[in-house]
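One-letter residues, chain by chain:
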Amino acid sequence: FNYRMTDLQAAVGRVQLQRLPAMVARRRELAYCYSSLLEGMTGLAPPTEPSWARSNWQSYCVRLPDGIDQIAAMQALLDKGISTRRGVMNTHVETAYDGDGLFRAGSGLERSLEAQQRCIILPLSVQMTEDEIYEVVDALADLVIEQASVSIATAI
C-alpha cells in the first residue's frame, strides 16, 4: 500500500498545524473548568495532571462513584442530550486475545477491569462553551444525587 501524503494533503496539514497550540490551550481551559466544577462531587474522581507533565486533554475521563452503573449513567446523560463513551478499553478481554493465543496478561488486571466498568469520557471539544460544560456537570451532579438517593432508599 502507498500511504504517502499527497502534496495537497501536506499543504493543508501544515496550515492546520498552525492552529494546534490554540486548540490545545482551549482544551486545557475546558478541562480546568471541568475539574474545578467536579472537584467537590462526592465519590466522583476526575482526572489529574501530574506536576511533571502537561496533557493535551484529548479526552476527559471520570470515574463514577460506587454504586452507579456505567451503562445506565451513560444512557441517562444521553437522554439529556449529552453523549459520553466508555472511558477504558481492555485489550486483554477482547476475543482476539482470549483463549490459547500467545498473549498472556501478567495478572488478572482487576484495576483495569474495574476502570472499564466505572469510567466514562465526558464531551470535550474546542468548540464547546463554558455553558455547555456547566450543563454536562449539572446533569452528572443530578445523576449522582439521584443514584445516592436510590442507594439510601434501598438500604432502609
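Each remark here, short or long, concerns the structure printed above.
Residues numbered from 1 in each chain as written. Predicted model: local features only at pLDDT ≥ 70, side-chain atom pairs only at ≥ 80, totals over all residues. Heavy atoms only, no water.

## Examining the environment of Val126
Just so we agree on the cut-off: By the criteria applied, helices consist of DSSP H or I runs no shorter than four residues and strands consist of E runs no shorter than two, each listed in order from the N terminus. Here's how the labels work: a residue is buried when its accessible area is under 20% of the maximum for its type, exposed when over 50%, partly exposed in between, all with a 1.4 Å probe on protein chains only. Any two residues having at least one pair of non-hydrogen atoms within 4.5 Å are treated as being in contact.
Note on placement: Val126 falls in the loop between strand E3 (119-122) and helix H5 (130-155). Judged by its relative accessible area of 24%, Val126 is partly exposed. In this structure the C-alpha to C-alpha distance between Val126 and Arg28, which are 98 residues apart in sequence, comes to 9.5 Å. Discounting residues that sit within four places of it in the chain, Val126 has contacts with Met23, Arg26 and Arg27.

## Description of the sheet that holds strand E1 (residues 60-63)
Our working rule: One requirement defines pairing of two strands: DSSP has to find at least two bridges between them. The axes used here are C-alpha line fits, helices contributing only the stretch in contact, and every angle between their N-to-C directions lies in the interval 0 to 180 degrees.
Ordered by their spatial adjacency, 3 strands build an open sheet running E1-E3-E2, and the pairing between neighbours is antiparallel. Looking at strand neighbours, the two that pair on one side only are E1 and strand E2 (85-86), the edges of this open sheet. In terms of strand pairing, E1 meets E3 through 4 bridges, oriented antiparallel. By the bridge assignment, Arg63 is partnered in E3 with Cys119. The strands that helix H2 (residues 20-38) touches are E1 and E3; relative to E1, the one it contacts most, it runs at about 15 degrees. Against the sheet, helix H3 (residues 70-79) makes contact with E2 and E3, and its axis sits at roughly 20 degrees relative to E3, the strand it touches most.

## A short note on the packing of aromatic side chains
A ring pair, where both rings are aromatic, is described by two values, the distance of the centres and the angle of the planes. Here is the rule we go by: Whether two aromatic rings pair depends on their centres lying within 6.5 Å, for rings of Phe, Tyr and Trp, where Trp uses its six-membered ring; planes under 30 degrees apart make the pair stacked, over 60 edge-to-face, and the rest tilted.
Within the structure shown, the criterion is met by 3 aromatic pairs. Measuring from ring centre to ring centre gives 5.6 Å for Trp57 and Tyr60, while their planes differ by 35 degrees; the resulting arrangement is tilted. Residue Trp57 shares its accessibility class with Tyr60, and that shared class is buried. By the ring-pair criterion, three or more aromatic residues cluster together here, those being Tyr34, Trp57 and Tyr60.

## Side note on the pairing of E3
Burial along E3 is two-sided: Cys119 and Ile121 facing one way and Ile120 and Leu122 facing the other are all buried. Pairing analysis gives 2 bridges linking E2 to E3, with the strands arranged antiparallel. Paired with Arg86 across the bridge in E3 is Ile120.

## What to know about helix H4 (residues 110-118)
Ala115, Gln116 and Arg118 are the residues of H4 that are buried. Summarising the contacts, the buried residues of H4 are in contact with E1, H3, E2 and E3.

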